Amino acid sequence: MPIAAARTDGQWSRHSRLPAPSGVITVWAAEGHPRTCGVEPPGQARRMQHRSWPAPYRPHAVQTIERASPGRYRVVPPTRLRPSRAGGCNRSPSRIWARSEGWDMADGYRGKRVVVTGCASGIGAAVAKALLAQGAHVIGLDRIASPHGLDKFLAVDLADPAAIDTMLTTLAAGGAVDALFNCAGLAPTQPKLAILKVNFLGTRHLTEGMATLMPPGSAIVSVSSNGGLRWRAQRALLLDLIRRDGFAEGLAWLEARADEIINGYAFAKQALTVWTLHESARLIEQGIRLNCTSPGAVETPMLREIEEKMPGAAIDAATVPIGRRSAPEEQVGPLLFLGSQAASYVNGVDLAVDGGYAATVALGE
Ligand code: NAI
């Protein structure tokens, strides 16, 4: 159960069982009690989200709790959340933030707090720049510093779950996150286990932690790859992997099968795509949409790294039928669409952004 009740009108409450310091909490709405919510510190929030929680409580929002003294606290009024028509919190998340009506394509990210991983280079840098131009508050994550003048940059190594957790604590202190763009990734030329850690396990770990900071109506979009296009051929194996909870369990599973996994990049991207489709059904219960894109060849530093080891003709074989490679900026529109309220009814989708290559594969051409 939520460990304490709190008022949603910004007034102070008292409860000796609320040990959490000031920070982000999950607020659980109590049906029939629009001015009272149950609250959970973040460590317990994820467990709650993954079990069916008995009525009348439902996950409602992630908000900041402020503690004046031990046992005295208040939920900071939800300035970012669009209030439900009932004015309280006793509505399911999908009803609170439901529609794309009135959403302005050019202005939809203004004032939103968005996180972009891989912000220092390639697709992530292009996404971060586009979001800044739209007036978003952009927080970039990468293992190398970004030169793109973001609102905030946090260094993190996605191969290190402890570093991800530390970064999430820092991020949580600043409030809720409206959108997450997972663009970081390692090239196929890197060591297999490193790729599997960064491109799947670390991305999943970060996304699961970030979801506890995201209110209903927010969205997550990951950059997968058309390198992972053929996931259906090993669906059962991939589902077995994604059922391993957490970074350490997933890594143990992958290490045990390292010899069977021939192409670490393709396997990591297949896992990311399958996990996206699978997890989207759970996250939408909290009002969070989860989608991914699968680009074809994109002219970024990663592609240059690949081309040093692989003939350009082999890369270009996957640019049919469009007959050219993508600029990083051409990946931005689909990503921003999926992360926005314009896509409010799009969930669990892997969107090919590859000039039509996936269509030729689907038709067996
Ligand atoms: P990029 O190499 O230009 O950028 C990748 C970014 O991820 C870099 O800033 C890098 O520092 C960061 N990164 C790598 N490892 C990290 C780690 N352990 N922790 C934190 N950050 C880390 O590559 P690009 O092309 O922009 O790739 C972006 C995403 O798009 C990747 O997930 C990639 O797999 C995917 N993709 C790229 C394609 C291409 O042709 N360039 C095609 C299909 C998918």
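Residues numbered from 1 in each chain as written. Predicted model: local features only at pLDDT ≥ 70, side-chain atom pairs only at ≥ 80, totals over all residues.

Okay, the overall build of the protein next. Secondary structure assignment for the protein yields 12 helices and 13 strands. Here the protein holds 365 residues, and the buried ones make up 46% of them. Across the protein, contacts joining residues at least 24 apart in sequence account for 75% of those joining residues at least 6 apart. (Helix = DSSP H or I, 4+ residues; strand = E, 2+ residues; numbered from the N terminus. Buried ≥ 20, exposed ≤ 12 C-beta atoms within 10 Å, placed from the backbone. Contact = placed C-beta atoms within 7 Å.)

Residues in close proximity to the ligand total 27 residues, the closest being Gly118, Gly122, Gly185, Thr300 and Met302. For the shell around the ligand, the secondary-structure elements that each account for two or more residues are helix H3 (122–133) and helix H9 (301–307). Of the residues that constitute the shell around the ligand, the class distribution is 17 nonpolar, seven polar and three charged. (Near = placed C-beta within 6 Å. Nonpolar A, V, L, I, M, F, W, Y, C, P; charged D, E, K, R; others polar.)

Below, the discussion takes up the packing of H3 against helix H11 (residues 329–338). Relative orientation of the contacting elements H3 and H11 amounts to 60°, with a least axis distance of 9 Å. Of the possible angle classes, the one that applies to H3 and H11 is oblique. Here H3 and H11 pass one another in a crossing that is right-handed. Counting all contacts with H3, which are made through Ile123, Ala126, Val127 and Ala130, the residues of H11 involved are Glu329, Gln331, Val332, Leu335 and Leu336. Taken together, the residues of the contact of H3 with H11 break down into seven nonpolar, one polar and one charged. (Axes fitted to C-alpha atoms, helices over the stretch in contact; angles between N-to-C directions. Parallel < 35°, antiparallel > 145°, perpendicular 65-115°, else oblique. Left-handed = near helix turned anticlockwise from the far one by under 90°.)

Let's shift gears to the sheet that holds strand E8 (residues 137–142). Strand order in the open sheet made by the seven strands is E9-E8-E7-E10-E11-E12-E13, with parallel pairing throughout. Across the chains shown, the open sheet's two edge strands, defined by having one partner strand only, are strand E9 (152–155) and strand E13 (350–353). Adjacent strand axes in the sheet meet at a mean angle of 20° when their direction is disregarded. Note: strand E10 (residues 179–182) against strand E11 (residues 219–223), four bridges, orientation parallel. Note that in E11 the partner of Asn182 across the bridge is Ser222. (Pairing = 2+ DSSP bridges.)

The buried fraction of E8 amounts to six of the six residues, a majority that puts the element mostly inside the structure. Along E8, one buried face is formed by His137, Ile139 and Leu141 and the opposite face, lined by Val138, Gly140 and Asp142, is buried too. Two elements, strand E7 (residues 113–117) and E8, share five bridges in a ladder whose sense is parallel. Counterpart to Val114 in the pairing with E8 is Val138. For the crossover from E7 across H3 to E8, the handedness is right-handed. (Right-handed = clockwise from strand over helix to strand, strands pointing away.)

Considering every residue of the protein, the mean pLDDT works out to 83; 71% of them sit at 70 or more. Here residues 78–101 scores under 50 on pLDDT; set against residues more than four positions off or in separate chains, the count is 47 contacts. (pLDDT = per-residue confidence, 0-100.)

We now examine the nonpolar core. By size, the foremost hydrophobic cluster in this structure holds 71 residues, and its most contacted members are Val114, Val116, Val127, Phe181, Met210 and Ala271. In contact with Phe181, other than residues within four places in its own chain, are Val114, Val116, Thr117, Val127, Val221, Leu335 and Gly339. (Core = buried A, V, L, I, M, F, W, Y, C linked by C-beta atoms within 7 Å.)

On to the environment of Pro295, then. Structurally, the position occupied by Pro295 is in strand E12 (residues 289–295). Assessed through the 25 C-beta atoms surrounding it within 10 Å, Pro295 is described here as buried. The contacts of Pro295, once residues within four sequence positions are left out, are Val223, Ser225, Asn226, Ser326, Gln331, Val353 and Asp354.

E7 sits mainly inside the fold: five of its five residues count as buried. In E7, alternate side chains face the same way, and those of Arg113, Val115 and Thr117 on one face and Val114 and Val116 on the other are all buried. Sheet topology note: the E7/E10 ladder contains four bridges and is parallel. When the bridges of E10 are listed, Val115 appears paired with Leu180.

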